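# Notes for the structure review
Spelled out from the first residue to the last, the chains are:
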Amino acid sequence: MNATRRNVARSWGLVLACIGLIASMYARAADPLISLIGPDEWNVPIVPSLNLFLQSGLAQTNNIFYDSGGNSHHIPGGSHVYAGVTRFAHLFSFESLPKVGFAVEYLQPTLDVELPGQSITGFGDPLFELAAYFRPAPGLMVGYVNVPSIPVGSNELSSHFWSDTSLLVWNYHVGPLGFNGTLAAGVSSTQHEGGRDTHIGNSYDAEVTGLYKVADWVAPFVAFTHHSTAASRVIGTGAEAPGQGPLYSCAGPGGCHENLLGGGLNFHITHKHGLALWYYDGISGSNVVKTKAMYLLYTHPF
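What counts and how
- Residue positions are counted from 1 within each chain, in the order its sequence is given.
- Thresholds applied to this predicted model are a pLDDT of at least 70 for local features of residues and 80 or more for the giving and counting of side-chain atom pairs; totals over whole chains, interfaces and linings are not thresholded and use all residues.
- Side-chain numbers come from the whole structure's heavy atoms, not from hydrogens or water.
- Numbering goes from the N terminus for both helices and strands, where a helix is a DSSP run of H or I of at least four residues and a strand is a run of E of at least two.
- Note on exposure labels: buried denotes an accessible area under 20% of the residue type's maximum, exposed denotes more than 50%, and partly exposed covers the range between, all computed with a 1.4 Å probe on protein chains only.
- Only heavy atoms enter the contact rule, under which two residues are in contact if any of them lie within 4.5 Å.
- Only the protein chains shown count as cover for residues, and the accessible areas themselves come from Shrake-Rupley with a 1.4 Å probe.
- In this description, the term disulfide denotes a pair of cysteine sulfurs within 2.5 Å.
- pLDDT measures how confident the predictor is about each residue, on a scale from 0 to 100.
- Aromatic pairing here means that ring centres of Phe, Tyr or Trp (its six-membered ring) are within 6.5 Å. Orientation follows from the plane angle: under 30 degrees is stacked, over 60 is edge-to-face, and everything else is tilted.
- By convention a nonpolar core is built from buried Ala, Val, Leu, Ile, Met, Phe, Trp, Tyr and Cys residues, the set being connected through side-chain atoms within 4.5 Å.
- None of His or the chain ends enter the tally, which takes Lys and Arg as positive and Asp and Glu as negative.
- Throughout this description, the term salt bridge denotes a Lys or Arg side-chain nitrogen within 4 Å of a carboxyl oxygen of Asp or Glu.
- Nitrogen and oxygen atoms within 3.5 Å of one another constitute a polar contact, given that in protein one can donate a hydrogen and the other can accept it, and given that sequence-neighbouring residues count only through two side-chain atoms.
- DSSP calls a pair of strands paired once it identifies at least 2 bridges connecting them.

For the rest of this paragraph, the subject is the overall build of the protein. A count of helices and strands for the protein gives two helices and 19 strands. Out of the 302 residues in the protein, the part that is buried amounts to 50%. Expressed as a percentage of contacts within the protein between residues at least 6 apart in sequence, the contacts between residues at least 24 apart total 61%. Here the protein has roughly 13300 Å² of accessible surface; of this, 65% comes from carbon and sulfur atoms.

Right, here's the structure in full:
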């Protein structure tokens, strides 16, 4: 029993150190990048030219963490993270490739981290998206998306390493049913922070969403997401450090994983305005702060 208590206390200390040092869910806590994917994100039109403004947002409560054995524990005091990701995208295609579309996008996270007695606000590391989509059959879309990030966010909120995430994506609609899916793998450069160099482990993700259109203006949906990150290692000593991925981190030294289950509503307010609202809850995990977050995604073509 005493050994168990010591392990829990040690794990909680690592969580506090982790959150306190960087104070950002994007660099050191819950909500993996893939959880920001909207319920119908990859239902992308193939058009000659189209500009899109998108605004993502989330509110996360950090009050539970999973230890390395998968047991959940309460975080005394806890913390809250509020984030917005402002996005500008341009879609285009070529007449010589009638079933293929392309996209470029810029994503800028803004963060407000509310710790006990402390508030930290600033910019997260920006991301870029380069994508190609193919519609081989009616209602079906498959594509490849590449999302690099650069470490130029606010010092306390930056991950301090470059990253690159590759995604294989698909979307299928038949009648009132719609499905959205993603497989992702992320790699990162060496992290240079606080006089220490750290080799960052790889990250792997999967996401699937099913929605049902009950009316032209609304479709409820359910979603499942899996995220895992390999351990990082301090260069020179080989000591394990918290595994980190693009916009994500484990709670303590070593790798981590988490499974999320959620659902929400996808609204088509008008022909030009879309709004999705959903909630994700961590249902199992290891060495990670539990995801408990509300999300939104607003879309406006112009």
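This next bit is on the state of the cysteines. Counted by the stated rule, this structure contains one disulfide. Two residues share a disulfide in this structure: cysteine 250 and cysteine 256, whose sulfurs sit 2.2 Å from each other. Note on the cysteine 250 and cysteine 256 pair: the S-S dihedral is about -75 degrees, so by sign convention the disulfide is left-handed.

For the protein, mean pLDDT is 88; residues scoring 70 or higher make up 89% of the total. Scored below 50 in pLDDT, residues 1–28 shows 66 contacts in the model against residues more than four places distant or in partner chains.

You can see leucine 260 is positioned in strand E16 (residues 256–268). Of the residues examined, leucine 260 reaches a relative accessible area of 1% and is grouped as buried. With 225 residues separating them along the chain, leucine 260 and serine 35 place their C-alpha atoms 8.4 Å apart.

Moving on: the packing of aromatic side chains. Scanning all chains against the criterion turns up ten aromatic pairs. Summarising the aromatic geometry, the rings of phenylalanine 92 and phenylalanine 94 are spaced 5.8 Å apart at their centres and angled 85 degrees between planes, so their arrangement reads as edge-to-face. A residue is classified by how much of its surface remains accessible, and phenylalanine 92, at 25% relative accessible area, is partly exposed. Seen from their ring centres, tryptophan 217 and phenylalanine 267 are 6.1 Å apart, and the 15 degrees between their planes marks the pair as stacked. Of this pair, tryptophan 217 sits in the loop between strand E11 (203–212) and strand E12 (218–229) while phenylalanine 267 sits in strand E16, placing them 50 residues apart in sequence. By the ring-pair criterion, three or more aromatic residues cluster together here, those being Phe221, Trp278, Tyr280 and Tyr295.

This brings us to the nonpolar core. Within the largest apolar cluster, 41 residues are counted, with the highest numbers of intra-cluster contacts made by Trp42, Tyr133, Val145, Leu167, Val169, Trp278 and Tyr295. Listed in part, the five residues of the second largest apolar core include Tyr248, Cys250, Cys256 and Val288.

Next up on the list: the side chain of glutamate 129. Position of glutamate 129 among the secondary structure elements: in strand E5 (residues 127–137). Despite its burial, glutamate 129 pairs with no opposite charge; the closest candidate is arginine 87, at 4.7 Å N-O. A distance of 3.5 Å separates the side chain of glutamate 129 from the side chain of tyrosine 133, its partner in a polar contact. With sequence-adjacent residues up to four places away left out, glutamate 129 is seen in contact with Ala103, Val104, Glu105, Leu107, Val145, Asn146 and Val147.

The tally for this structure, following the rule as stated, stands at four salt bridges. In this structure, glutamate 41 engages arginine 87 in a salt bridge whose closest nitrogen and oxygen atoms are separated by 2.7 Å. Within this pair, whereas glutamate 41 is found in the loop between helix H2 (25–28) and strand E1 (49–66), its partner arginine 87 is found in strand E2 (residues 72–93), the two being separated by 46 residues in sequence. Ionic pairing is found between lysine 290 and aspartate 281, a salt bridge with its closest N-O pair at 3.5 Å. For lysine 290, a relative accessible area of 14% translates into the label buried. Among the charged side chains, a network of salt bridges with common partners joins Glu41, Arg87 and Glu105.

As for its placement among the helices and strands, proline 32 is situated in the loop between H2 and E1. Proline 32 gets classed as buried once you look at its relative accessible area, which sits at 1%. Sequence spacing of proline 32 and threonine 225 is 193 residues, and the spatial spacing of their C-alpha atoms is 9.3 Å. Aside from chain neighbours lying at most four places away, what touches proline 32 is Asp205, His227, Tyr248, Leu260 and Thr291.

Here the focus is the pairing of E1. Examined bridge by bridge, E1 and E2 share 17 bridges and lie antiparallel to one another. Its bridge partner lying in E2, glutamine 55 is registered against threonine 86. Two successive antiparallel strands, E1 and E2, enclose a turn made up of five residues, where glycine 70 displays a positive phi of approximately 85 degrees. As paired strands, E1 and strand E18 (residues 288–289) are joined by two bridges and run antiparallel to one another. Looking at E18, one finds that phenylalanine 65 is bridged to valine 289.

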